[in-house]
Amino acid sequence: MAFSLQESKLPILPFSVLIIISILGRSLHASDPPLTLDHYAPTCPSVFEIVKKEMECEVRSDPRNAALIVRLHFHDCFVQGCDGSVLLDDTITLQGEKKASASINSLGGFQIIDRIKNKVESECPGIVSCADILTIAARDAVLLVGGPYWDVPVGRKDSKTASLELAESNIPTADESLLSIINKFLYQGLSVTDLVALSGAHTIGSARCATSGGGDNNISAMDYVTPNLFDNSFYHLLLKGDGLLNSDQELYSSMLGLETKNLVVKYAHDQVAFFQQFSYSMVKMGNITNPDSFVNGEIRTDCRFVNA
């Protein structure tokens, strides 16, 4: 199911929220970067088809791979913008983001991006950024497990830097308060509506429940009803108080979350509305940019390392 970006209308933010955003004035935000749908048309027209075929194989082999790629894209965009910094390994001269507390036990799928990158490089060497590959792969991951389709603007460059510090401070955690998570989204230029819609990605994938009886490595599906299907079942679980993560359940149960509660109810009763907003919010998140990467960025040959 495809949706036009123009169909989704975000609510006007209250004045107090606009003041917060103004105070947080910064260069990193969800805006309108120099991205286009046809950026690779003259140089690598097959890139979308290559990514799609590779993701089809990966999701067919294990449907859980879809959630890994979506989560990887989210972590990438919340640190320095969507610039592929999350993919960088530690080296003598660079400290990556993979060992951040919010990432070390939750991120995977790096080998999947490596394999896709190798295929793309064999067809179009030195043309397509790792950041774009990850963004396209996240869209295909959602689509392949029953979610919506959206057009992916491309033209990102890969960063030459990473930030463990920002990975520690910018990524929301499972035990964080609703207001704290809202502030982290606002800092990226994303609204409360974006927060609730993007949280719906937890309809696929799993989480490590360190506080449960199974120990630190106990893995549970965040949507135990349809764990490998992208639908609105996640919101139904929140209505019943069955959210696996406290931060998810707070979207519905928090006394401070009137707006988030109303959106949870809306998406639980209207999957089309959820799919429409999710598509819009994914494009908006994918537009989070750090202008420095457009000036000083590169097209990495290996997604794990800055070019020599």
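One can find the structure itself at the top, above this paragraph.
The structure presented is a predicted model; accordingly, all values stated were derived computationally and were not measured.

Engineer: Describe the overall build of the chain, and please don't skip the residues or the numbers.
Structural biologist: A tally of helices and strands in the chain yields 13 helices and four strands. Burial analysis of the chain (308 residues in total) assigns 53% to the buried set. When contacts within the chain are restricted to residue pairs at least 6 apart in sequence, long-range pairs at least 24 apart make up 74% of them. Per element, the accessible surface of the chain, about 13600 Å² overall, is 56% carbon and sulfur.

Engineer: Mind laying out the nonpolar core, listing which residues take part and the relevant values?
Structural biologist: Ranked by size, the top nonpolar core spans 75 residues in total, and within it M55, I69, L87, I113, Y235, F278 and M285 carry the most contacts. At eight residues, the largest contribution of residues to this core is made by helix α5 (residues 130–144). Residues contacting L87, with those up to four places away along its chain left out, are L72, K98, F110, I113, C130, L134, R300, C303 and R304.

Engineer: Describe in detail the packing of helix α4 (residues 110–123) against α5, supporting the description with residues and values.
Structural biologist: Running from amino to carboxyl end, α4 crosses α5 at an angle of 115 degrees, the nearest separation of the two axes being 10 Å. With respect to their mutual orientation, α4 and α5 come out roughly perpendicular. α4 and α5 meet at a crossing whose hand is right-handed. The residues of α5 that touch α4, namely those facing I113, I116, K117 and V120, are C130, I133, L134 and A137. Of the residues belonging to the contact of α4 with α5, the class tally is seven nonpolar, no polar and one charged.

Engineer: Pulling in residues and values, what's your account of empty space enclosed by the protein?
Structural biologist: A full pass over the atoms with the stated rule returns three cavities of 30 Å³ or more. Space inside the largest cavity adds up to approximately 60 Å³. Lining the largest cavity we find H73, T135, W150, V152, P153, R156, M282, V283, G286 and N287. Per-element accounting of the lining of the largest cavity gives the leading share, three residues, to helix α12 (residues 271–286).

Engineer: How would you summarise a nonpolar patch on the surface if you had to cite specific residues and measurements?
Structural biologist: The grouping of L179, M255 and L256 at the surface amounts to a nonpolar patch, some 400 Å² of accessible area in total. Looking at the secondary structure, you find M255 in the loop between α10 (246–253) and α11 (258–269). You can call M255 exposed: its relative accessible area is 82%.

Engineer: Now, about unusual backbone geometry: what can you tell me, with residues and values included?
Structural biologist: For Q80, which is not glycine, the phi dihedral falls at a positive 65 degrees. Overall, the relative accessible area of 10% leaves Q80 in the buried class.

Engineer: A description of α4 should follow, citing residues and the corresponding values.
Structural biologist: When the terminal C-alpha atoms of α4 are compared, their 20 Å separation across 14 residues agrees well with the 20 Å that a helix rising 1.5 Å per residue should span. Buried within α4 are the following residues: F110, I112, I113, D114, I116, K117, V120 and E121.

Engineer: Residues and numbers for the state of the cysteines, please.
Structural biologist: Summed over all chains, the structure comprises three disulfides. Two residues, C130 and C303, share a disulfide whose sulfurs are 2.1 Å apart. Since a negative S-S torsion denotes a left-handed disulfide, the C130-C303 link at about -95 degrees is left-handed. Pair noted here: C130 is in helix α5 and C303 is in the segment after α13 (291–296), with a separation of 173 residues, a long-range link. Residue class for C130 comes out buried when judged on its relative accessible area of 0%. By sequence order of its bonded cysteines, the chain has the disulfide arrangement 1-4, 2-3, 5-6.

Calculation criteria
- Residues numbered from 1 in each chain as written.
- Predicted model: local features only at pLDDT ≥ 70, side-chain atom pairs only at ≥ 80, totals over all residues.
- Heavy atoms only, no water.
- Helix = DSSP H or I, 4+ residues; strand = E, 2+ residues; numbered from the N terminus.
- Buried < 20%, exposed > 50% of the residue type's maximum accessible area, 1.4 Å probe, protein only.
- Contact = heavy atoms within 4.5 Å.
- Areas by Shrake-Rupley, 256 points an atom, 1.4 Å probe, with all protein chains shown as cover.
- Core = buried A, V, L, I, M, F, W, Y, C linked by side-chain atoms within 4.5 Å.
- Axes fitted to C-alpha atoms, helices over the stretch in contact; angles between N-to-C directions.
- Parallel < 35°, antiparallel > 145°, perpendicular 65-115°, else oblique.
- Left-handed = near helix turned anticlockwise from the far one by under 90°.
- Nonpolar A, V, L, I, M, F, W, Y, C, P; charged D, E, K, R; others polar.
- 1 Å grid on protein atoms, 1.4 Å probe; cavity = no way out; pocket = protein on both sides within 12 Å on 5 of 7 lines; lining within 4 Å.
- Points joined across faces, edges and corners; volume = space filled by probe spheres on them.
- Patch = residues over 30% accessible without salt bridge, like charges linked within 9 Å, V, L, I, M, F, W, Y side chains within 5 Å.
- Salt bridge = Lys/Arg side-chain N within 4 Å of Asp/Glu carboxyl O.
- Expected span 1.5 Å × (residues − 1).
- Disulfide = S-S within 2.5 Å.

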